[in-house]
Amino acid sequence: MRDQSVGNIISNWQDYYPSLFGKHPLQLEHTIHRSELFSDEALIDLLENAPRENYHVTTMDKRVQNPTYKREGQFGDLSGKEILAAVRKGHIWINLRDPQEIRSKYGELLADIYREFENRVPGLKTYKQKMTILISSPNLKVKYHMDVPGQTLWQMRGRKKVFLYAASAPFMSQQALEKLTINEVHETDIEFKDWYDDHALTFELEPGQMLHWPLNCPHRVENHDSLNVSLTTEHWTNELRNQYAVNFGNAMLRKLGMKNLSQNPSGLGLYAKAAITAATKISGMQKKLSKPYLIDFQVDPDAPDCVRDIPAVEFNK
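Quick caveat: nothing in here was measured; it's all calculated off a predicted structure.

(A) Spotlight on the overall build of the protein. From N to C terminus, the protein includes seven helices and 14 strands. The C-alpha atoms of the protein give 20 Å as radius of gyration, which agrees with the globular expectation for 317 residues (20 Å, within 12%). By its C-alpha atoms, the protein is 55 × 50 × 40 Å across when sized along the principal axes. In the protein, which comprises 317 residues, the share counted as buried stands at 52%. Within the protein, contacts between residues separated by at least 24 positions form 81% of all contacts whose residues are at least 6 apart in sequence. Carbon and sulfur atoms form 50% of the exposed surface of the protein, whose accessible area is close to 14900 Å². The distance from the centre of the 39 positive side-chain charges to the centre of the 40 negative ones in the protein is 5 Å.

(B) Seen up close, helix α5 (residues 238-255). The end-to-end C-alpha separation of α5 is 26 Å, in line with the 26 Å expected for 18 residues at 1.5 Å each. Buried within α5 are the following residues: Leu240, Tyr244, Ala245, Val246, Asn247, Phe248, Gly249, Asn250, Ala251, Met252 and Leu253. On the buried face of α5, the contacting elements are β7 (150-157), α4 (174-181), β12 (228-236), α6 (267-283) and α7 (285-289).

(C) Broad picture of the side chain of Glu72. Turning to its location among the elements, Glu72 is positioned in strand β3 (residues 70-74). There is a polar contact of 3.1 Å between the side chain of Glu72 and the side chain of His56. Ignoring anything within four residues of it in the chain, the contact list for Glu72 reads His56, Val57, Thr58, Tyr293, Leu294, Ile295, Asp296 and Phe297.

(D) Fine view of the sheet that holds β3. The strand order β1-β10-β7-β12-β5-β4-β2-β3-β13-β14 describes an open sheet built from 10 strands, whose pairing is mixed. Of all the strands in the sheet, just β1 (26-29) and β14 (307-315) have a single pairing partner and so form its edges. Here the strands of the sheet are splayed against their neighbours by 30 degrees on average, with no regard to which way each runs. The pairing of strand β2 (residues 55-60) with strand β4 (residues 93-97) spans four bridges and is antiparallel. For Val57, the partnering residue across the bridge sits in β4 and is Ile94. This element, helix α1 (residues 40-49), spans β4, β5 (127-136), β7 and β12 of the sheet and lies at about 110 degrees to β5. Set on the sheet, α5 makes contact with β5, β7 and β12; between it and β12 the angle comes to about 85 degrees.

(E) Geometry of the sheet that holds strand β11 (residues 219-223). If you trace the four strands from one edge of the open sheet to the other, you get β6-β11-β8-β9, paired in antiparallel fashion. Each end of this open sheet is capped by a strand with a single partner; those strands are β6 (141-145) and β9 (201-205). Neighbouring strand axes in the sheet, compared pairwise and without regard to direction, differ in orientation by 15 degrees on average. By the bridge criterion, three bridges tie β6 to β11 in an arrangement that is antiparallel. Considered in β11, the bridge of His145 is made with His219.

(F) The arrangement of the pattern of salt bridges in detail. As enumerated under the stated definition, the model contains 18 salt bridges in all. Of the charged contacts, one joins Arg159 and Glu206 as a salt bridge, the two residues approaching to 3.4 Å between their closest N and O atoms. You can see Arg159 sitting in the loop between β7 and β8 (160-164) and its partner Glu206 sitting in the loop between β9 and β10 (209-212), a full 47 residues away along the chain. Glu178 serves as the salt-bridge partner of Arg254, at 2.5 Å between the closest nitrogen and oxygen. Linking Arg254 in helix α5 with Glu178 in helix α4, this pair joins segments that are 76 residues apart in sequence. Look at Glu178 and you get buried, because its relative accessible area is 1%. Salt bridges sharing common partners tie together Asp40, Arg88 and Arg157.

(G) Spatial organisation of the side chain of Asp300. Mapped onto the elements of the fold, Asp300 is located in the loop between β13 (293-299) and β14. Residue Asp300 is classed as buried on the basis of its relative accessible area of 16%. Asp300 has contacts with Leu78, Cys306, Val307 and Arg308, leaving out every residue within four places of it along the chain.

(H) Seen up close, the packing of α4 against α5. Packing of α4 against α5 leaves a shortest axis separation of 8 Å and a crossing angle of 100 degrees. Compared by their axis directions, α4 and α5 come out roughly perpendicular. Each of Gln174, Gln175, Leu177, Glu178 and Thr181 in α4 lies in contact with α5, whose residues at this interface are Tyr244, Asn247, Phe248, Asn250, Ala251 and Arg254.

Definitions and cut-offs
- Residues numbered from 1 in each chain as written.
- Predicted model: local features only at pLDDT ≥ 70, side-chain atom pairs only at ≥ 80, totals over all residues.
- Heavy atoms only, no water.
- Helix = DSSP H or I, 4+ residues; strand = E, 2+ residues; numbered from the N terminus.
- Rg over C-alpha atoms; globule rule 2.2 N^0.38 Å.
- Buried < 20%, exposed > 50% of the residue type's maximum accessible area, 1.4 Å probe, protein only.
- Contact = heavy atoms within 4.5 Å.
- Areas by Shrake-Rupley, 256 points an atom, 1.4 Å probe, with all protein chains shown as cover.
- Lys, Arg positive; Asp, Glu negative; His and termini not counted.
- Charge placed at Lys NZ, Arg CZ, Asp CG, Glu CD.
- Expected span 1.5 Å × (residues − 1).
- Polar contact = N/O pair within 3.5 Å; in protein donor to acceptor, adjacent residues only side chain to side chain.
- Pairing = 2+ DSSP bridges.
- Axes fitted to C-alpha atoms, helices over the stretch in contact; angles between N-to-C directions.
- Salt bridge = Lys/Arg side-chain N within 4 Å of Asp/Glu carboxyl O.
- Parallel < 35°, antiparallel > 145°, perpendicular 65-115°, else oblique.

In C-alpha cells, the structure reads:
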C-alpha cells in the first residue's frame, strides 16, 4: 500500500465534483508530490532500468509558441544521473511509461489513485489503468496533441501552464481522432492554428495540483523556468471503450470508402464496430497500420540542448 503519511490523495474534494468528473475540466489539489517516488534518486533508478520500449525521449522546436516539429531520441549508454542532468540543462521531454513494471510501489500508487476516484465518484468503474512519468526541461513547450484514453495530469515538481481545447471541430477533426485511434498517426500529428489559443482554457499547475479533462480534449503545455516532473494516469470505462470501438471501426470503414458514419456509441452499430476492432487487432493488421517513430538523436550532456544528431532509424513501440 501507499505510504500512509501521504494521506488522502485528493485533499480538496467537494460533494459536487462527481457531477463534473469526465464532463468538465477539474483542477484539484493532491498530496502525491510529497512522495519519495518522485525524488531525484527514484527518477535515476527508473531511468537506468527502463526497457527501451517503455520510454520516449523527445526534443521540440524552441522558436515558436506551438512547436512545429517533435523529434524522437534515445538514451544510449548514459547513466540515470547523466540523463537527469541533461534534462535539467537541455531541451528534452521524457515519457517514462509503466514505471510499475520496474518498481511495484508505482503500481500500488496507481491502484490507490483509482480506488479513491471510484470511491468518490458514484458509478465510476475503471480498468486498464496506466501511468506515465514525465520529466522535462525548463521552458520546454510541448506540441499540441491529444490522447485516446481518459487522462489526468498530476504535477510533482516545477510549474507549467496547460492550454486545453474543446474535443470537437475545429480543434479536433473526427477523422484525425479515428486515425489516432488506430495508431495511423501519432498524438502530436493533429493540426494546430495560432488562433486556437483565443478559445483555450488555461491552467497553471504547481506541485500538489492536478488537472482532469473530458475525453480526447487536445492540449499543449509550456514549462516554466525549472525542471518539471509530472505524472499522467489514464483509464478506461465501458463508456470510453464503446466510444473507442466506434472510432476504431469508423477508421477501418473509411478505408473501404464509406462515408457519413454514425458516431453513436450504442446499438447494433456499436456491436458491429466492436467486432471490426477485435478482428483488426487479432489479425495483426493494426500493427501494420501503426506509424513508426523515427529516432534521430541521442541525449548528450555535452551537446547543444543536450541533443546530438545520429543516423535516423525506425522504432515501433
